[in-house]
Amino acid sequence: MHPAFDLSPDLCYLNHAAVAPWPRRTVEAVTRFAQANGRRGAADYPAWLATEQRLRERLADLVQAPSPADIALVKNTSEGLSILSQGLDWRPGDNVVGIAQEFPSNRIPWEALQDEGVTYRTLDLYATEDPEAALEQLCDDRTRVVAVSSVQYARGLRLDLERLSATCRRLGILLFVDAIQSLGAMPFDLNRIPADAVVADGHKWMLGPEGIALLYVAPGLRPRLRLHQFGWHMIAHPGDYDRTDWTPSPTATRFECGSPNLLGIHALEASLSLLQEAGMEPVAAAIEQRIGRLMDLMDQAGFEVLTPRDPTRRAGILTFRVPGADHPALWRGLLVRGVVCALRGGGIRFSPHFYTDEAALEGAMAITKNTLLHLP
Ligand SMILES: Cc1ncc(COP(=O)(O)O)c(C=O)c1O
């Protein structure tokens, strides 16, 4: 087992596309934070704010944003996408283009605009060989937004966001990226992918807890989004409690209405410190090695791989089917035997991270074959 983790040796943990285990240093950071709260209350609040600032810096670095002031810390991906969807000045007849197989967090905020006369047009990913071209074909002169995941949660298809962002630029359409399935697993560079917004919760590939998410909004778009949440924290002069006039903060904190989630902030800051020490390029290469290895083992076993074989078209997700098997039963059998994985996209989804060892990969495959023998 990797020294940075304390995972129970009886688990093959292949579920980072769902909820990741915390690294040791995250467990320690949360423990220290809890003890400090118990012993000293908020006496050291300025140090906590320094940790918050470090987290913004780490997140800005993770997406190569121009400044930490461009990073808002929100509750989750759904909240970030709702800030975007509810913030734009829609006109009846506008449309949003997305993908039919998206996770509901990136579908429902767009469907919820129906009462405003906005339609949500979706691409059936399983009916196209060229998703970027097919998304462009769905766009017309009333398309305001293309909203997609960088990596599809169910079968792991990675979109070519450089190409899609160039298309959106050319057509004058905003590009919003749900990057929860790629941030922490691979580099993301806003200089190469000039998305108008990027959103991702911390509990998957970033190895953090649930309930603390990154929301990047391009500085030019920020003041154009109508705000729906208000409070002491989102104004230009927070903490100046005697002052009665106010304007929204010019920075991304305008999207953070009240007190920060400092517990989550301490945890995610610690988790990202591990990933950034490891380096996102080596992390991505390690994940690709593990996916490649699993794919070989699946080919040897005669399983059907549903994830694209082209390494540029995938990230950390590998979804497979066993011909003729009852997949819900297989998944339940795997969970009982300690293979932590998910039932997604019509098959079983394995999602190893950079630290996952060979024993976990081989163990998961051996247990899968064994479980199949015991299915009715
Ligand atoms: C693509 C995608 N978006 C969003 C989420 C989670 O959304 P939230 O952070 O709102 O819980 C998931 C979780 O499975 C996901 O796979």
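Please read all numbers here as calculations on a predicted model, not as lab measurements. (Residues numbered from 1 in each chain as written. Predicted model: local features only at pLDDT ≥ 70, side-chain atom pairs only at ≥ 80, totals over all residues. Heavy atoms only, no water.)

S.K.: Mind showing me how you'd approach helix H1 (residues 24–40) here?
M.R.: Side chains that are three or four residues apart share a direction in an α-helix, a result of its 3.6 residues per turn. Under the 1.5 Å per step criterion, the end-to-end length of H1 is 24 Å for 17 residues, consistent within 8% with the ideal 24 Å. Those residues of H1 lying buried are Thr26, Ala29, Val30 and Phe33. Summarising the axial view, the buried residues of H1 lie within an arc of 95 degrees, below the 170-degree limit, and thus occupy one face. Opposite the packed face of H1, turned more than 90 degrees from it, sit the exposed residues Arg32, Gly38 and Arg39. Buried residues belonging to H1 abut helix H2 (45–63) and helix H7 (262–278). At the exit of H1 stands Gly41, carrying a positive phi of roughly 55 degrees. (Helix = DSSP H or I, 4+ residues; strand = E, 2+ residues; numbered from the N terminus. Expected span 1.5 Å × (residues − 1). Buried < 20%, exposed > 50% of the residue type's maximum accessible area, 1.4 Å probe, protein only. Arc of directions from axis to C-beta. Contact = heavy atoms within 4.5 Å.)

S.K.: Please explain the side chain of Gln276 as it appears in this structure.
M.R.: Residue position: Gln276 is located in helix H7. Ignoring anything within four residues of it in the chain, the contact list for Gln276 reads Arg58, Asp61 and Leu62.

S.K.: What is the right way to look at the pairing of strand E10 (residues 318–321) in this model?
M.R.: Note on strand geometry: in a regular strand, side chains alternate between the two faces of the sheet. When strand E9 (residues 304–305) meets E10, the two strands line up antiparallel, connected through two bridges. For Val305, the partnering residue across the bridge sits in E10 and is Phe320. Summarising the sheet, E10 and strand E13 (residues 347–350) pair through three bridges and their orientation is antiparallel. The partner of Leu318 across the bridge, within E13, is Phe350. (Pairing = 2+ DSSP bridges.)

S.K.: Explain the sheet that holds E13 to me, please; I cannot follow it from the model alone.
M.R.: The pairing of strands in a sheet comes from backbone hydrogen bonds and takes either a parallel or an antiparallel form. Here we have four strands laid out as an open sheet, ordered E9-E10-E13-E12, and antiparallel in their pairing. At either margin of the open sheet sits one strand with a lone partner, and together these are E9 and strand E12 (342–344). Here three bridges tie E12 to E13, and the two strands are oriented antiparallel to one another. Along E13, the bridge assignment pairs Ala342 with Arg349. Contacts from helix H8 (residues 280–301) reach E9, E10 and E13 within the one sheet, and its direction differs from that of E10 by about 10 degrees. (Axes fitted to C-alpha atoms, helices over the stretch in contact; angles between N-to-C directions.)

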